[in-house]
Amino acid sequence: MTNPPLSRSFLPAKALLCLGAAALFWFLNALNKNGYTLNVEYPVRFVYNDSLFVPTTPLPRTVTVNVSSDGWGLLRHSWLPFRVDPVDYVVKDPIHASVINTSSLAASLADQVKKLHVNYVVADTLEMGFDRRTTKTIRLLPDSLHIDLAPRYMVSSLINMTPRTIQVTGPDRLIRGLSDTLFVKIARKRIADNYDEEVVLNAFRHPLLRVSADRVAVSFEVGELLSVPTK
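Calculation rules
- Residues numbered from 1 in each chain as written.
- Predicted model: local features only at pLDDT ≥ 70, side-chain atom pairs only at ≥ 80, totals over all residues.
- Heavy atoms only, no water.
- pLDDT = per-residue confidence, 0-100.
- Helix = DSSP H or I, 4+ residues; strand = E, 2+ residues; numbered from the N terminus.
- Contact = heavy atoms within 4.5 Å.
- Pairing = 2+ DSSP bridges.
- Axes fitted to C-alpha atoms, helices over the stretch in contact; angles between N-to-C directions.
- Buried < 20%, exposed > 50% of the residue type's maximum accessible area, 1.4 Å probe, protein only.
- Salt bridge = Lys/Arg side-chain N within 4 Å of Asp/Glu carboxyl O.

**Q** It is not clear to me how the confidence of the model for the chain should be interpreted in this structure. Could you clarify?
**A** Parts of the model with low pLDDT should not have their predicted coordinates read in detail. For the chain, per-residue confidence averages 81 on the pLDDT scale, and 74% of positions sit at 70 or higher. Predicted confidence in the chain is weakest over helix α1 (residues 12-31), with a mean pLDDT of 53, and strongest over strand β11 (residues 165-171), with 97. In the model, residues 24-31 has pLDDT below 50 throughout and makes six contacts with residues more than four positions away in sequence or in other chains.

Structure, rendered in structure tokens:
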């Protein structure tokens with residue numbers, strides 16, 4: 001008497017392994033095909049004479065570019081964007097430049113990115129603005145009329161200030177509106193002893209302005225009146 005043949009049991013582990021191998025084969029084969037497109041962020045560096053001109057609007061650090069390649073090329077650039085060197089965009093006439101020439105930028109990218117085909121820069125226009133960089137020297141003077149002294153006290157010496165002048169650099173349109181003199185206010189109230197402190201200069205908080213010093217050292221002596229003169 002012969003035994004009936006044993007039926008083969010279903011093995012989920014082997015089935016999953018075969019399915020995974022098939023999926024991996026399909027994925028690797030798909031990566032070898034051309035015609036894939038992807039929007040990627042590329043760093044951009046604006047080239048201009050920064051000793052003569054200053055941007056009046058924030059310049060973008062990256063631009064969105066539509067590129068095409070095989071799957072391997074796009075996968076590499078989507079996973080490792082930090083390894084891409086910034087593309088140089090030369091601003092030839094900063095004063096009259098109001099928008100970024102996307103065609104020129106795309107051509108510069110095409111010269112730099114050899115393994116990808118650059119189709120276009122996604123944005124139609126990217127605004128920018130420049131002004132001439134100007135420096136102005138401003139004289140610092142103490143606001144002596146508004147020093148808050150305690151009763152029966154007076155300033156008994158010259159008011160010393162270091163520095164006496166500062167240089168403010170920024171766009172010409174902003175620099176032209178600055179006064180030649182800045183009166184430094186003493187914030188402390190009811191002063192009854194000699195004063196020797198640093199005063200923060202809050203007059204130049206505009207993000208486009210650069211100041212040679214943001215505080216000034218102020219010192220003077222204070223004396224008490226022994227008697228109030230009568231008429």
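After that view, the rundown keeps rolling.
**Q** Whenever I open this one, the sheet that holds strand β15 (residues 215-220) confuses me. Can you help?
**A** Read from one edge to the other, the open sheet built from three strands follows the order β10-β15-β13, with strand pairing classed as antiparallel. Because the sheet does not close on itself, it has two edges, and the strands there are β10 (160-162) and β13 (195-200). Between one strand and the next, the sheet's axes are offset by a mean angle of 20°, whatever the strand orientation. Judged from the three bridges that link them, β10 and β15 form a sheet pairing that is antiparallel. Along β15, the bridge assignment pairs Asn-160 with Ser-219.

**Q** How do you make sense of the pairing of strand β8 (residues 130-142) when you look at a structure like this?
**A** Walk down a regular strand and you will see the side chains alternate between the two sheet faces. Judged from the three bridges that link them, strand β2 (residues 53-55) and β8 form a sheet pairing that is antiparallel. Considered in β8, the bridge of Phe-53 is made with Arg-132. Bridging between β8 and β11 involves seven bridges; their strand directions are antiparallel. Looking at the pairing, Thr-137 lines up with Gln-167 of β11. Across four bridges, the pairing between β8 and strand β12 (residues 181-184) is parallel. For Leu-141, the partnering residue across the bridge sits in β12 and is Phe-183.

**Q** How do you make sense of the environment of Ala-97 when you look at a structure like this?
**A** Counting through the fold element by element, Ala-97 comes out in the loop between β4 (87-90) and β5 (99-100). Among the residues examined, Ala-97 registers a relative accessible area of 17% and is labelled buried. Remark: the alpha-carbon pair of Ala-97 and Gly-129, spanning 32 residues in sequence, is separated by 6.5 Å. If near-sequence neighbours (up to four positions away) are discounted, Ala-97 is found in contact with Val-91, Met-128 and Gly-129.

**Q** Looking at this structure, I do not really get the pattern of salt bridges. What am I missing?
**A** If charged atoms from side chains of opposite charge come close, those side chains can pair. Evaluated as defined, the whole model comprises seven salt bridges. Salt-bridge contacts for Asp-88 lead to Arg-45; the nearest nitrogen and oxygen are separated by 2.7 Å. Of this pair, Asp-88 sits in strand β4 while Arg-45 sits in strand β1 (residues 36-47), and the two are 43 residues apart along the sequence. Here Asp-88 falls in the partly exposed class, since its relative accessible area comes to 34%. Overall, Arg-45 belongs to the partly exposed group, its relative accessible area being 43%. In this structure, Arg-188 and Glu-197 form a salt bridge, with 2.9 Å as the shortest nitrogen-oxygen distance. Look at Glu-197 and you get partly exposed, because its relative accessible area is 32%.

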